[in-house]
Amino acid sequence: MKKSNTLFTLAFFAILAFSSCEREQWGNAQKGSDDIDNRAEGQIGLSALKVSVDEKTTSTVTRTGINTDNFIIRIYDKDKEGKMVQEWKYSEMPEIFTLKVSHYSITAMSHEVQPAEFEKPYYFSKQDFEITENTVTDLKELVCTLNNIKVRIAYDDELQKLLDEDSKVKVSIGEGRLEYAKDETRAGYFKSIGETNILIADLSATIQGEKVTMSKAFIDVLPGEERIIKYSMKQNSG
């Protein structure tokens, strides 16, 4: 009798599990049919779309002309919770592309922005547009500007002579962190994490055998800004 009860229990749980799987599969099938997009269609004209970089936001080093062929172009459907619907390289875009009737935004960016990088400025542009039924929508030029924060470290001549080789400055904005060695001349580019950002610079130096540390926070740092943090000597009386 005891053995019979055990078999009954096992069979009962097996039936429950099978029923649950059936309900899950049926639910997925129903969800798939709901995902069909029956909206009317229109088109976007891309043959004349120009992507450029505003040279006023670049440094003199990079102002020799920026090739935008490999810039990333993305289209987002604003009426579908900002879902990305298409991506190309700028040089590989079609002349015309079909979209559902909706409100969209198109973006151009130089690359996938990282939290922090040396000598890799991030350029970005965005434009909103609307697709209407059986109509070709043309876009304005996408003019990209510097969209991360450029940071350089400098020392006055007197201090530079006194710094030991182990001297460095650690700079952070959000998750982005870079370490600037004593003789580092490159600019660091930090991802902007909001309309304003907090920049923290931590100096760790050895000056004539004496360890010196200094921390400074800069608030209200804006996307596209260049910040030069310069250290100098200050004489104390006596």
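Attention in this report is confined to the structure presented alongside it. (Residues numbered from 1 in each chain as written. Predicted model: local features only at pLDDT ≥ 70, side-chain atom pairs only at ≥ 80, totals over all residues. Heavy atoms only, no water.)

Before going further, it helps to examine the side chain of Asp-156. For Asp-156, the position within the fold is in the loop between strand S11 (149-155) and helix H2 (157-162). Although buried, Asp-156 forms no salt bridge, and the nearest oppositely charged side chain, Lys-230, lies 6.7 Å from it. Those residues in contact with Asp-156 that lie beyond four places of it in its chain are Lys-230, Tyr-231, Ser-232 and Met-233. (Helix = DSSP H or I, 4+ residues; strand = E, 2+ residues; numbered from the N terminus. Buried < 20%, exposed > 50% of the residue type's maximum accessible area, 1.4 Å probe, protein only. Lys, Arg positive; Asp, Glu negative; His and termini not counted. Salt bridge = Lys/Arg side-chain N within 4 Å of Asp/Glu carboxyl O. Contact = heavy atoms within 4.5 Å.)

On to the nonpolar core, then. The tendency in soluble globular proteins is for nonpolar side chains to be buried as a group. Counting 24 residues, the largest nonpolar core has Ile-44, Val-51, Ile-73, Ile-75, Ile-106 and Phe-129 as the members making the most contacts within it. Elements with a minimum of two residues in this core: strand S2 (51-53), strand S3 (72-77), strand S6 (102-109), strand S8 (123-131) and strand S10 (142-146). With near-sequence residues (within four places) excluded, Val-51 lies in contact with Thr-68, Phe-71, Ile-73, Tyr-90, Ala-108, Leu-142 and Cys-144. Ranked by size, the runner-up nonpolar core spans 21 residues in total, among them Ile-153, Tyr-155, Leu-159 and Ala-205. (Core = buried A, V, L, I, M, F, W, Y, C linked by side-chain atoms within 4.5 Å.)

The subject of this paragraph is the sheet that holds S10. Whenever strands of a sheet pair, they do so through backbone hydrogen bonds, lying parallel or antiparallel. In space, the six strands of this open sheet follow the order S2-S10-S8-S6-S3-S4, with mixed pairing throughout. Each edge of the sheet is formed by a strand with only one pairing partner; in this case those strands are S2 and strand S4 (83-89). Strand-to-strand twist across the sheet, computed as the mean angle between neighbouring axes with direction ignored, equals 25°. For S6 and S8, the ladder comprises eight bridges, and the chain directions are antiparallel. Counterpart to His-103 in the pairing with S8 is Glu-130. (Pairing = 2+ DSSP bridges. Axes fitted to C-alpha atoms, helices over the stretch in contact; angles between N-to-C directions.)

Here we take up the sheet that holds strand S1 (residues 41-45). If you trace the three strands from one edge of the open sheet to the other, you get S5-S1-S9, paired in mixed fashion. For this open sheet the edge positions go to strand S5 (96-100) and strand S9 (136-138), each flanked by a neighbour on one side alone. This sheet shows a mean twist of 35° between the axes of neighbouring strands, independent of strand direction. In this sheet, S5 lies alongside S1 in antiparallel orientation, the contact comprising five bridges. Counted as the bridge partner of Gly-42 is Leu-99 from S5.

Looking at the secondary structure, you find Ile-72 in strand S3. For Ile-72, a relative accessible area of 16% gives the class buried. Taking C-alpha positions, Ile-72 is 6.1 Å from Tyr-90, a pair spaced 18 residues apart along the chain. Those residues in contact with Ile-72 that sit more than four places away from it in its chain are Glu-87, Trp-88, Thr-107, Ala-108, Met-109, His-111 and Glu-112.

Purely geometric stuff here, so don't read any function into it on its own.
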